[in-house]
Amino acid sequence: MMATASLDSLGEAPERPMIIGHSGWLYKKAGGKEGQTKSTKLKLSAALSKGGWSKRFFVLKADETKLAYYKTPEDFRAGVAALGAVECTGATVFLKNVAKGDVHRFTVQTVERDLKLRASNEEEYQKWLDALKPITEFDFRSNSFDDDEEDDGALAPRCGVCA
């Protein structure tokens, strides 16, 4: 009878390959965090004056509920710390209809922040929605607004007490 080794030659468990549920490029709107400091707000103000959207590489690992983003896919593969991440358990995803152009927007709203995202095409948009559906709640109300408009009032309250 042949035994299978569960430890490598150093006596440590071998590293499991990382399985990605979905990954790809999205545009992230600057801001949306609760309790920002004055210096962060100044940086945010500068970013918003430039349009406020940054292209980031997003990763949702299989069997995990945290959506993380990196500057590049190479940063992710090299093990560089994520620029940011949101826990999607308990989060709500709001779908957006944007009045101008072929824009595909959605917001992942958590207790800590509103992560406003934009996909470059409908196919990528649908792939992200399919990946997020099992781990978030969806609000299918489609709020129509210009992409440059501030849409904070369109989102639901952060807790049931506020409703």
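Residues numbered from 1 in each chain as written. Predicted model: local features only at pLDDT ≥ 70, side-chain atom pairs only at ≥ 80, totals over all residues. Heavy atoms only, no water.

### Quick look at the nonpolar core
- In this structure, Leu67, Phe106, Val108 and Leu132 are the most contacted members of the largest nonpolar core, which totals 22 residues.
- Sort the elements by how many residues they give to this core and helix 3 (residues 122-132) lands first, with five residues.
- In this structure Leu67 touches Phe58, Val59, Leu60, Gly84, Ala85, Val86, Cys88, Leu115, Leu117, Trp128 and Leu132, once residues within four positions along its chain are discounted.
- One finds Phe57, Val59, Ala68 and Phe76 within the second-largest nonpolar core, a separate group that totals five residues. (Core = buried A, V, L, I, M, F, W, Y, C linked by side-chain atoms within 4.5 Å. Buried < 20%, exposed > 50% of the residue type's maximum accessible area, 1.4 Å probe, protein only. Helix = DSSP H or I, 4+ residues; strand = E, 2+ residues; numbered from the N terminus. Contact = heavy atoms within 4.5 Å.)

### A short note on the environment of Lys133
- Position of Lys133 among the secondary structure elements: in the loop between helix 3 and strand 8 (137-145).
- Look at Lys133 and you get partly exposed, because its relative accessible area is 40%.
- Between the C-alpha atom of Lys133 and that of Thr92, which follows or precedes it by 41 residues, the distance is 9.5 Å.

### A closer look at the packing of aromatic side chains
- Counted by the stated rule, this structure contains six aromatic pairs.
- Geometrically, the ring pair formed by Trp25 and Phe57 is edge-to-face, given 5.7 Å between the ring centres and 75 degrees between the ring planes. Of this pair, Trp25 sits in strand 1 (residues 20-29) while Phe57 is found in strand 2 (residues 53-61), placing the two residues 32 residues apart along the sequence.
- A relative accessible area of 8% places Phe57 in the buried class.
- The rings of Trp25, Phe57, Tyr70 and Phe76 are connected pair by pair, giving a single aromatic cluster.
- In this arrangement the basic side chain of Arg118 is found over the ring face of Trp53, its NZ or CZ atom lying 4.4 Å from the centre.
- Lying across the ring of Phe138, Lys133 places its NZ or CZ 5.8 Å from the centre. (Phe/Tyr/Trp six-rings, centres within 6.5 Å; stacked < 30°, edge-to-face > 60°. Lys NZ or Arg CZ within 6 Å of the ring centre and 35° of its normal.)

### A few points about the confidence of the model for the protein
- Predicted confidence across the protein gives a mean pLDDT of 74, with 60% of residues reaching 70 or more.
- Mean pLDDT values over the elements of the protein span from 46, in helix 1 (residues 38-49), up to 97, in strand 3 (residues 66-70).
- When the criterion is pLDDT under 50, residues 36-41 qualifies, and its contacts beyond four places in sequence or with other chains add up to three contacts.
- Per-residue pLDDT stays below 50 along residues 44-49; that stretch engages in seven contacts with residues further than four places along the chain or on separate chains. (pLDDT = per-residue confidence, 0-100.)

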